Structures are given as C-alpha cells and as structure tokens.
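Fold and contact review
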Amino acid sequence: MRVDFTKMHGLGNDFVVIDQRARENVHMDRALAAALADRNTGIGCDQVILLEPSEVADFRMRIFNADGGEVEACGNASRAIALFHGSAARIETGGGLLEVTPGNGGAAVAMGRPRFGWEDIPLDYAMDTSEMPLSWDGLERPFAVNVGNPHAVFFVPAIEDVELGSLGPTIERDPVFPEGVNVGVASVASRDRISLRVWERGAGLTRACGTGACAAVVAAVERGLTDRIVTVALPGGELVISYDEDGQITMRGPASESFRGSFDPADYGAA
Ligand SMILES: N[C@H](CCC[C@H](N)C(=O)O)C(=O)O
C-alpha cells in the first residue's frame, strides 16, 4: 500500500512529513528513514518527520535524521508541522512539550528552557559547559547546551573561514559527546544579530538549524554578547529567537510546503 507524504522545509532545512495520527501506514525504523532521506536513491531530506497520536499533547512528532537516527528535537520542523497542522497546538517530542502557533507564513514555537548541566548535554565527564576547556584544530572552548537536543556553539570572528565540513564530523563524533552533538559556529554582528552555520548531528551541513539558532542565542546571552531578542542569519535565511528572563526560548520564522507525494515501502525494503 502506498504511503502519503508532504515535503516541507524551514529556510531550506527540508523534511519528509508522514502523518500517522489517524493510523499507522508504515513502521518507521533507522533503515527506512535513511533510505527515504537519501538524496540519490530516495525522496531526499535532512530529516524524516512522523506525526503520531499522543497521550499528553495534541499529537507527537518523531524526528529521524538523514542517517536514520531518531532524535529529540527539530526547530525548523516544529514550524513546518505548525503550518501543516494549521492551528495552534501542543506537540510532544523526545525533547519535551512544544507550543506552536502558525501565522505570517511560518510559526512561533515555545521551545522550553535550556539545560546546562554536563549530564544534561550530555558530556562524558564533568566540566564547565559554559566554556568547555577543549579545542579541535583551532576551534576552541565552545558553549554546550541542551535545547531539547545537544549543541556545542563556537564563537568565531568569521564563520565562513571555518572548515565546518571537515571539523563538524570530527566534533560530532568526539567521545566527549556520548550521544553526538550538533556543532554551531557563530559570529556576533551586534547586540541583536548573529550569523550562524551548523553541522547537524546525523545530517551534516544544512541550510538552517532551528535548535542551533536557539542554542547560539542562549550561549550569546549567557556570555553577555547579545541582548535577549536576536536575529540569527543562517545560510537559508533568518530566524528571530528570544530567550527571556525566566529562561523561556521562543523561535519565530518561516515554513513552507514544497509538494505532496506517496511512496511504496516495498521499494525501500520495508513491509
Ligand atoms: N540534527 C538534529 C535534529 C534536527 C535539528 C535541526 N534540523 C533543527 O531545525 O533544529 C539532532 O540530531 O539533534
């Protein structure tokens, strides 16, 4: 039986969305997610997003990276799903409960509060997460934070000068990050503007990373580099992140539907 999907993106970070809230049409696993995400032999995307019923929210969003790994959070997909759903909703994710509000060609997402403890990131051993005493070929002393998923944020003078395509995977897979990590390189342009590139865990370089933008703003505010409302310029476009006095993160930005289609799981070796 063919399975319907909707192709969506947030600033070029793209998704295959499969709505299984009414019934399960296909059993998603690592192999099928990676096969669907493959840009040569599959549909092609950075993440596969599954919608399912939830006991604690309006519905549940499951996130599978292009490598097939299931993870806890995806900021850009949260906005895409808000648009897809079409009205305000509470969404259950592995990283916690999100509140989404669609509008103005995108959505606002209440992402919850960041966590800073070394075991929350997680890291392999105790250290100061606000300035990890480590370096990787000149990239050094990142701010580590969990915003539903783990991020290491490096502040640099010029993000385009960083060889993120080679340094990203090295850092992502460093044993100090037992669950891997998303790697952001950020430059602070002013008290309300940051430029950012992200090597995503399980997906590589993407056009945008919503949780990466949240992590970069939290890091910048905690280090006193910016005010609490910041425009983050990513390769695919801009997001506005606020990180308020009581620690709540809100992300605002666009989301789009690209096209709708269907696939036969048997073509991907699935039942
Ligand atoms: N690669 C991330 C998941 C997708 C995050 C990104 N696409 C976003 O918009 O937040 C991780 O493994 O935690």
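Because the structure is predicted, anything quoted here is derived from the model rather than measured.

Definitions and cut-offs
- Residues numbered from 1 in each chain as written.
- Predicted model: local features only at pLDDT ≥ 70, side-chain atom pairs only at ≥ 80, totals over all residues.
- Heavy atoms only, no water.
- Core = buried A, V, L, I, M, F, W, Y, C linked by side-chain atoms within 4.5 Å.
- Buried < 20%, exposed > 50% of the residue type's maximum accessible area, 1.4 Å probe, protein only.
- Helix = DSSP H or I, 4+ residues; strand = E, 2+ residues; numbered from the N terminus.
- Domains from an automatic or database assignment.
- Contact = heavy atoms within 4.5 Å.
- Buried area = accessible area lost by both parts, 1.4 Å probe.
- Near = heavy atom within 4 Å.
- Polar contact = N/O pair within 3.5 Å; in protein donor to acceptor, adjacent residues only side chain to side chain.
- Areas by Shrake-Rupley, 256 points an atom, 1.4 Å probe, with all protein chains shown as cover.
- Nonpolar A, V, L, I, M, F, W, Y, C, P; charged D, E, K, R; others polar.

Considerations on the nonpolar core
Membership of the largest hydrophobic core comes to 51 residues, with the highest contact counts inside it found for I49, M61 and I241. At 9 residues, the largest contribution of residues to this core is made by helix 4 (residues 210-222). Each of two domains, domain 1 (3-112 + 255-266) and domain 2 (135-247), supplies a minimum of three residues to this core. Ranked by size, the runner-up nonpolar core spans 21 residues in total, among them W136, V156, L164 and V183.

What about the environment of V109?
Inspection of the secondary structure assignment puts V109 in strand 8 (residues 106-112). The class of V109 is buried, set by a relative accessible area of 0%. A sequence separation of 10 residues divides V109 from E99, and the C-alpha atoms of the two residues are 5.7 Å apart.

Overview of the domain arrangement of the protein chain
Assigned domains within the protein chain: domain 1 (3-112 + 255-266) and domain 2 (135-247). Taking the mean C-alpha position of each, domain 1 and domain 2 sit 22 Å from one another. Counting from both sides, the interface comprises 19 residues of domain 1 and, opposite them, 22 residues of domain 2. When domain 1 packs against domain 2, the two sides together hide about 1,300 Å² of surface, and 51% of this comes from carbon and sulfur. When residues of domain 1 are sorted by the area they lose upon contact with domain 2, L11, E72 and M111 head the list and together hold 39% of the total.

What about the site of the ligand?
As a structural note, the neighbourhood of the ligand is formed by 15 residues, with N13, N65, G75, R201 and T211 the closest of them. Here Q47 contributes a side-chain N or O atom positioned 3.3 Å from a nitrogen atom of the ligand. Here an oxygen atom of the ligand and a backbone polar atom of N76 are 3.0 Å apart. Relative to its unbound accessible area of 360 Å², the ligand is 100% covered by the protein chains. Secondary-structure elements contributing two or more residues to the shell around the ligand are helix 2 (75-85) and helix 4. In terms of residue class, the shell around the ligand is made up of 4 nonpolar, 9 polar and 2 charged. Per-domain counts for the shell around the ligand show at least three residues from each of domain 1 (3-112 + 255-266) and domain 2 (135-247).

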